[in-house]
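For reference, the chains in residue letters:
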Amino acid sequence: QVHLVESGGGSVQAGGSLRLSCATSGDAASDYDMAWFRQAEGKMREGVGALDRYGKITYHASVKGRFSVSKDNVNATLYLEMNSLKPEDTAMYSCAASKSSTWLSPLNSRRYNFWGQGTQVNVST
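**Remarks on the state of the cysteines**
Under the criterion given, the structure shown has 1 disulfide. There is a disulfide in this structure between Cys22 and Cys95, and the S-S distance comes to 2.0 Å. Given an S-S torsion of about 60°, the disulfide between Cys22 and Cys95 has right-handed geometry. Here Cys22 is found in strand β3 (residues 18-26), whereas its partner Cys95 is found in strand β9 (residues 91-98), with 73 residues between them in sequence. Assessed through its relative accessible area of 0%, Cys22 is described here as buried.

**Details of the pairing of β3**
When a strand is regular, its side chains alternate between the sheet's two faces. Here 6 bridges tie strand β1 (residues 2-7) to β3, and the two strands are oriented antiparallel to one another. Within the sheet, the bridge partner assigned to His3 lies in β3 and is Ser25. Summarising the sheet, β3 and strand β8 (residues 77-82) pair through 6 bridges and their orientation is antiparallel. Its bridge partner being in β8, Arg19 is matched across the sheet by Glu81.

**Quick word on the pairing of β9**
Taken across its 8 residues, β9 has 7 buried, putting it largely inside the fold. Looking at chain direction, β9 and strand β11 (residues 119-124) are connected through 3 bridges and run antiparallel. Paired with Tyr93 across the strands is Thr119, a residue of β11. Where β9 and strand β10 (residues 114-115) come together, 2 bridges link them in antiparallel fashion. In the strand pairing of β10, Ala96 is matched with Trp115.

Rules used throughout
Residues numbered from 1 in each chain as written. Predicted model: local features only at pLDDT ≥ 70, side-chain atom pairs only at ≥ 80, totals over all residues. Heavy atoms only, no water. Disulfide = S-S within 2.5 Å. Helix = DSSP H or I, 4+ residues; strand = E, 2+ residues; numbered from the N terminus. Buried < 20%, exposed > 50% of the residue type's maximum accessible area, 1.4 Å probe, protein only. Pairing = 2+ DSSP bridges.

Structure follows, in structure tokens:
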């Protein structure tokens, strides 16, 4: 099993940047498919970016070119670099992990069975 703890959220003005971190413990992070999700108030959770164990990266169309997912296997940490932030990026951001093989999309939350508690991101105008 793997334990996930997010950090790095906060408040920023539109156009600003933040870097979220997801520290892992337990099993080796390199064995897991991992992803970032977000859920804004009153909206459904959506996948933002995913990085599978083979290095394939998938982004939601709304963040392509602005967000970047990466993983440091030495420090067992998943990152989400967010640039050119917009007010509509305001949400609770969570990281997720899965060791299972599945046909589900990398941005489908049902693919993942380990979740962190989340870190809040607020983007103001």
